[in-house]
Amino acid sequence: MSTREAARRRTRGTAVLVASILLIIGLVAWIAVLRNLSGSADFEGAGNGEEQVVQIKEGSSLSALGPELEERGIVASDGAFQTAAANNPDAGNIQPGFYRLQGKMSAKSAVEALLDPAQRITPLQVYGGATLMDINVVGGQTRFGIFSMIQSATCGEEVTPDCVNAEKLNNAAANSDPEKLGVPEWARETVAARAGDAKRLEGLIAPGEYIIDPHASAEDILSDLVTRSAKQYDATDIVNRAQAIGLSPYELLVAASLVEREAPAGEFDKVARVILNRLDEPMRLEFDSTVNYGLPSVEVATTDEDRKRVTPWNTYAMDGLPQTPIASPSIEAIDAVEHPADGNWLFFVTVDKDGTTIFNDTFEQHLNDTQRAIESGILDSQR
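Residues numbered from 1 in each chain as written. Predicted model: local features only at pLDDT ≥ 70, side-chain atom pairs only at ≥ 80, totals over all residues. Heavy atoms only, no water.

Draft legend 1. The arrangement of the pattern of salt bridges in detail. Per the stated rule, a full pass over the model turns up 9 salt bridges. Ionic pairing is found between aspartate 197 and arginine 194, a salt bridge with its closest N-O pair at 3.2 Å. The partly exposed category is assigned to aspartate 197, whose relative accessible area is 22%. Across the pair aspartate 306 and arginine 309 runs a salt bridge whose closest N-O atoms are separated by 3.3 Å. (Salt bridge = Lys/Arg side-chain N within 4 Å of Asp/Glu carboxyl O. Buried < 20%, exposed > 50% of the residue type's maximum accessible area, 1.4 Å probe, protein only.)

And the structure:
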């Protein structure tokens, strides 16, 4: 082979090699374009520091969340998010709720944030006997009310002008239209008559766990809680059961709140019977829990001075039931009033620190048991 021919062949080989390299580069670029077009683009890093709250709804899934995250600029593409979720073995453990994410997160970071308990907004936990307002316990700690618990869920550790704080909740509870607040029809007239007093919503938020949208208004948050609670109460057939025992549905709710605050576990139906028997006599209920409800500081025992105070709730100083519930009654307390125990009891008292409660028909028997309670220290006032 001549030198010239060898040179031509080397030139053709080089050209083919260059062309091949260019083809590979073009193919890689085209694949990248196709991936971007198919929704697999991704951001880098853990976000840009701009907080965004997202919700995973009950019964929803991560596959349904991806398009929203892409639309809001939290992740670059649904495709990258779904791939990151599929590659994370713990993704199936992500729970419904509200989460704090950031703008422009890598898909991997977004999935990891949804798995981080610190990024999940703590659900509201309403316990049986909770009140709307905080309670100061004599010789103890403050018992935070529902409004403070909502504030903690919406504001976190730092209360800002933009978050729903206890003051905004108080104002909405006191002044918003009861219908807009989700108040059930059977309670609406009574609640409307107490306009200006936030305690008119007492008892209308049932115990349970609630997922709250921290970006919703105070009125919307309360409406959601009251509406869901009303469904729980209505499911017990509260309207018909109230009629059967001679109360209005709202009065049944009030009585159930007394049961919740007064009755030890296992005795709800007996305390409910005492309430109904006293109303039928008629005789005053004289419950210390109703005295405490109107006081700035509370304890199990109350003083003679406290019991003389005239408030909308003090059943030592008024006939019948308090004007509103004094706490959130559980479904168990509602059911106890709807189906009270059989008995002629008019009195009951807890006689020891173990919660032993004695029920009596006569005042003489009750006095003897009350003395036992005093001797055990249960009824000693610290004030």
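Draft legend 2. Summary view of the UniProt feature "site: Important for catalytic activity" (unreviewed entry) in the chain. UniProt records the feature "site: Important for catalytic activity" (unreviewed entry) for Glu262 in the present numbering. Relative to the elements of secondary structure, glutamate 262 occurs in helix 10 (residues 249–262). Residues contacting glutamate 262, with those up to four places away along its chain left out, are Val271, Phe287, Asp288, Ser289 and Phe348. (UniProt positions renumbered as here; feature names shortened; annotations may be inferred. Helix = DSSP H or I, 4+ residues; strand = E, 2+ residues; numbered from the N terminus. Contact = heavy atoms within 4.5 Å.)

Draft legend 3. The arrangement of the environment of asparagine 344 in detail. In this fold, asparagine 344 is placed in the loop between helix 14 (331–338) and strand 8 (347–350). In sequence terms asparagine 344 and threonine 362 are 18 residues apart; their C-alpha atoms lie 9.5 Å from each other. Apart from the residues within four sequence positions on either side, asparagine 344 is in contact with Asn277 and Asp361.

Draft legend 4. Seen up close, the environment of leucine 169. Position of leucine 169 relative to the elements: it lies in helix 6 (residues 166–175). Put simply, leucine 169 and aspartate 220 are 51 residues apart on the chain and 10.0 Å apart in space, counted from C-alpha to C-alpha. Setting aside its immediate chain neighbours within four residues, leucine 169 contacts Phe147, Ile150, Gln151, Val164, Ala218 and Leu222.

Draft legend 5. Helix 3 (residues 78–87), seen in detail. Those residues of helix 3 that fall on the buried side of the exposure criterion are Ala80, Phe81, Ala84 and Ala85. Around the axis of helix 3, the buried residues are gathered within 135 degrees of arc, so they sit on the same side. Pointing more than 90 degrees away from the buried face of helix 3 are the exposed residues Ala86 and Asn87. Contacts made by the buried residues of helix 3 are with helix 2 (62–71) and helix 4 (107–114). (Arc of directions from axis to C-beta.)

Draft legend 6. Representation of the nonpolar core. Of all hydrophobic cores here, the largest spans 62 residues; its most connected members are Ile150, Leu201, Leu222, Val259 and Ile275. Counting residues per element, this core draws most heavily on helix 10, at 8 residues. If we ignore the near neighbours within four places in the chain, the residues touching isoleucine 150 are Leu124, Leu169, Ile212, Ile221, Leu222 and Leu225. Among the nonpolar cores identified, the runner-up in size contains 21 residues, and Val54, Leu62, Ala84 and Tyr99 belong to it. (Core = buried A, V, L, I, M, F, W, Y, C linked by side-chain atoms within 4.5 Å.)

Draft legend 7. Expanded view of the side chain of asparagine 360. Along the polypeptide, asparagine 360 turns up in strand 9 (residues 357–360). Here the side chain of asparagine 360 touches glutamine 365 through a polar contact of 3.5 Å, landing on its backbone oxygen. A polar contact is formed between the side chain of asparagine 360 and the side chain of aspartate 369, at a distance of 2.6 Å. Other than its neighbours up to four places away in sequence, asparagine 360 contacts Trp345, Leu346, Phe347, Gln365, His366 and Asp369. (Polar contact = N/O pair within 3.5 Å; in protein donor to acceptor, adjacent residues only side chain to side chain.)

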